[in-house]
Amino acid sequence: MASLNVGNLGEYLREQRRNAQLSLRQLAEAAGVSNPYLSQIERGLRKPSAEVLQQVAKALRISAETLYVRAGILDAERDRDEVETRAVILADPSLNERQKQVLLQIYESFRKENGFGAGEPAGEDRTEQGTDADDAGSRRTAG
């Protein structure tokens, strides 16, 4: 099933790389992967790991979760709204990184309060999930 999404992932990565005005070589260097490997991902010949996707997302300054969905790692239908919301926040050029992280923490807190946060797959910093979700956001503030 996931292999069907690899081409879609590659096309999306190429589009994001071009939007960021990066060459294949520049993105490969920024993400810490080899140029040929990144080229194979873009052409749909390789399925990257979640770690590689996270490195590429960080280099492109986009949501890793969006790449996980495109690669078939996350369930697209169940997570689509959350992923899109997070992607929009992370892509907003009018916000600095701290503001983006605070907004994401508030968003996550509201989702948990409304019963949607528990049991989600771990994303960027959502690996520590305690029972007191309201206080969890303050412990994960990125600086």
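Preceding this section is the structure that the text describes.
Residues numbered from 1 in each chain as written. Predicted model: local features only at pLDDT ≥ 70, side-chain atom pairs only at ≥ 80, totals over all residues. Heavy atoms only, no water.

(A) Here's a closer look at the overall build of the protein chain. A tally of regular secondary structure across the protein chain gives eight helices and zero strands. When the helices and strands of the protein chain are listed from N to C terminus, the series reads α-α-α-α-α-α-α-α. Contacts in the protein chain between residues far apart in sequence, at least 24 positions, make up 52% of those at least 6 positions apart. When the accessible surface of the protein chain is summed, it comes to about 8,500 Å², and 48% of that surface belongs to carbon and sulfur atoms. (Helix = DSSP H or I, 4+ residues; strand = E, 2+ residues; numbered from the N terminus. Contact = heavy atoms within 4.5 Å. Areas by Shrake-Rupley, 256 points an atom, 1.4 Å probe, with all protein chains shown as cover.)

(B) Here's a closer look at the packing of aromatic side chains. Scanning the model with the defined rule gives zero aromatic pairs in all. Between the NZ or CZ atom of R70 and the centre of the ring of Y12, over which it lies, the distance is 3.9 Å. (Phe/Tyr/Trp six-rings, centres within 6.5 Å; stacked < 30°, edge-to-face > 60°. Lys NZ or Arg CZ within 6 Å of the ring centre and 35° of its normal.)

(C) Spotlight on the packing of helix α2 (residues 24-31) against helix α4 (residues 50-60). Where α2 meets α4, the closest approach of the two axes is 8 Å, and the angle between their N-to-C directions is 115°. Pair α2 / α4 crosses with right-handed handedness. Of the residues in α4, those touching α2 at L27, A30 and A31 are Q55, V56, A59 and L60. Each residue belonging to the contact of α2 with α4 can be placed in one class, and the counts come to six nonpolar, one polar and no charged. (Axes fitted to C-alpha atoms, helices over the stretch in contact; angles between N-to-C directions. Left-handed = near helix turned anticlockwise from the far one by under 90°. Nonpolar A, V, L, I, M, F, W, Y, C, P; charged D, E, K, R; others polar.)

(D) Summary view of the pattern of salt bridges. Counting across every chain of the model gives seven salt bridges. Where E97 meets R61, a salt bridge forms, and the shortest distance between an N and an O atom there is 2.4 Å. Highlighted residues: E97 in helix α7 (residues 97-113) and R61 in the loop between α4 and α5 (64-71), separated in sequence by 36 residues. Look at E97 and you get partly exposed, because its relative accessible area is 38%. The partner of K112 in a salt bridge is E108, and the shortest N-O contact between them spans 2.8 Å. Placement of the pair is K112 and E108 together in helix α7, with a separation of four residues, close to one helical turn. (Salt bridge = Lys/Arg side-chain N within 4 Å of Asp/Glu carboxyl O. Buried < 20%, exposed > 50% of the residue type's maximum accessible area, 1.4 Å probe, protein only.)

(E) Structural detail: the environment of A59. By the element assignment, A59 lies in helix α4. Linking A59 and Q26, residues 33 residues apart in sequence, is a C-alpha distance of 9.5 Å. Among residues more than four places away in sequence, those in contact with A59 are L22, L27, A30 and A31.

(F) Helix α3 (residues 35-42), seen in detail. Along α3, the residues classified as buried are Y37, L38, S39, I41 and E42. Its side-chain oxygen 3.1 Å from the backbone nitrogen of Y37, S34 forms the N-cap of α3. (Polar contact = N/O pair within 3.5 Å; in protein donor to acceptor, adjacent residues only side chain to side chain.)

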